Amino acid sequence: MKVLVAVKRVIDAYVKVRVKSDGSGVETQNVKMSMNPFCEIAVEEAVRLKEKGIATEIVAVSCGAQQSQETIRTALAMGADRGILVQSDEALEPLAIAKLLKAVVDKEQPELVLLGKQAVDNDFGQTGQMLSALLGWSQATYASKIEKADGELKVTREIDGGLETITVKLPAIVTADLRLNEPRYASLPNIMKAKKKPIETMSAADLGVEVTPRLSVLQVTEPPARQAGVKVGSVAELVDKLKNEAKVI
């Protein structure tokens, strides 16, 4: 079974994000970038499927700037077999990424596509669902456990009320949640081997996909500073403040 894993290059999750002085976006110059944490989980799950003998080939795909090759190399060092970069300097929105991934899926013909449930830079959480709709494939989102049996996937997924277990037919789209696994660190030998693994580069035009943004950012501002808390002397005083100052009751 061929598995395609989508990975995204984002600002490192441990870096404090700074807003540009003109309010047009967030600062990315000289800022550490890394693979989206949920994409790391998706790559790890693909590697585990290969270690179990379920997956035969893992293809890591990224859509974005030339620097996204670094993110693909990370996936290759974790265990992916080869990479594909769909290069674009546009700000790619979920629908555009889903269309690009559909074109890659049509070309590669995988049985399973794994994605992170969302990216930590924009938090849209839409690409997997859109890709499923475009392909007409089964989908299992927010997966915390994946098992394969009899040509189907048994997926335990996170829902508001707890956990839900569903069965989906292959081919399928699965988006990874935080509890699915803990990604491994790439060892130095694997990092060196990853440099020799092939990465195919293509453009959105090569795939016949229009990626012009449909949204425009009007302004980006930092959230207001958190106000200091106050101590109250009694329940009555607490209720009074919640009712008359906070006006939440």
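Here's a quick rundown of the structure.

1. Details of the pattern of salt bridges
In a structure, side chains of opposite charge can pair up when their charged atoms sit close to one another. One pass over the structure, following the stated rule, counts 17 salt bridges. Where glutamate 147 meets lysine 145, a salt bridge forms, and the shortest distance between an N and an O atom there is 4.0 Å. Residue glutamate 147 is classed as partly exposed on the basis of its relative accessible area, which comes to 35%. Residue lysine 145 is classed as partly exposed on the basis of its relative accessible area of 44%. As a salt-bridge pair, glutamate 164 and arginine 157 come within 2.8 Å of each other at their nearest N and O atoms. Exposure remark for glutamate 164: the relative accessible area of 31% places this residue in the partly exposed category. Overlapping salt bridges, with partners in common, bring together Lys2, Glu57, Arg82, Lys107, Glu108 and Glu200 in one network.

2. Regarding the nonpolar core
The biggest cluster of nonpolar side chains holds 38 residues, and the ones touching the most others in it are Val5, Leu114 and Leu153. Looking at this core element by element, the count peaks at eight residues for helix H1 (residues 37-51). Ignoring sequence-local partners within four residues, the contact set of valine 5 consists of Ala42, Val43, Ala46, Ile58, Val59, Ala60, Val61 and Leu114. Membership of the second largest hydrophobic core comes to 27 residues, among which are Val61, Ile84, Ile97 and Leu135.

3. Some remarks on a nonpolar patch on the surface
Residues Val230, Val232, Val235, Leu238, Val239, Leu242, Val248 and Ile249 make up a contiguous nonpolar surface patch of about 700 Å² in total accessible area. Take isoleucine 249: it is sitting in the segment after helix H6 (235-244).

4. So, unusual backbone geometry
Omega for the peptide link from leucine 170 to proline 171 comes to 0°, which places this bond in the cis form. Mapped onto the fold, proline 171 is located in the loop between strand S9 (162-169) and strand S10 (172-176). Positive phi is not limited to glycine here, since asparagine 30 has a value of about 55°. Tracing the sequence through the fold places asparagine 30 in the loop between strand S2 (9-11) and strand S3 (33-35). Here asparagine 30 falls in the exposed class, since its relative accessible area comes to 82%. Of note in the backbone geometry, aspartate 123 takes a positive phi value of approximately 60° without being a glycine. Here aspartate 123 shows up in the loop between strand S6 (112-116) and helix H4 (127-135). By relative accessible area, aspartate 123 is classed as partly exposed at 45%.

5. Some thoughts on the sheet that holds strand S7 (residues 138-149)
If you walk across this open sheet you meet the nine strands as S9-S8-S7-S10-S6-S1-S4-S5-S11, and the pairing is mixed. Two strands lie at the open edges of the sheet, namely S9 and strand S11 (199-203), each paired on one side alone. Mean inter-strand twist for the sheet, computed between neighbouring axes without regard to direction, equals 30°. The pairing of strand S4 (residues 57-64) with strand S5 (residues 82-87) spans six bridges and is parallel. From the neighbouring strand, alanine 60 faces S5, where its bridge partner is glycine 83. The sheet contacts of helix H3 (residues 94-108) involve strand S1 (2-6), S4, S5, S6 and S11, and relative to S4 the element is tilted by about 150°.

Thresholds applied
Residues numbered from 1 in each chain as written. Predicted model: local features only at pLDDT ≥ 70, side-chain atom pairs only at ≥ 80, totals over all residues. Heavy atoms only, no water. Salt bridge = Lys/Arg side-chain N within 4 Å of Asp/Glu carboxyl O. Buried < 20%, exposed > 50% of the residue type's maximum accessible area, 1.4 Å probe, protein only. Core = buried A, V, L, I, M, F, W, Y, C linked by side-chain atoms within 4.5 Å. Helix = DSSP H or I, 4+ residues; strand = E, 2+ residues; numbered from the N terminus. Contact = heavy atoms within 4.5 Å. Patch = residues over 30% accessible without salt bridge, like charges linked within 9 Å, V, L, I, M, F, W, Y side chains within 5 Å. Areas by Shrake-Rupley, 256 points an atom, 1.4 Å probe, with all protein chains shown as cover. Pairing = 2+ DSSP bridges. Axes fitted to C-alpha atoms, helices over the stretch in contact; angles between N-to-C directions.

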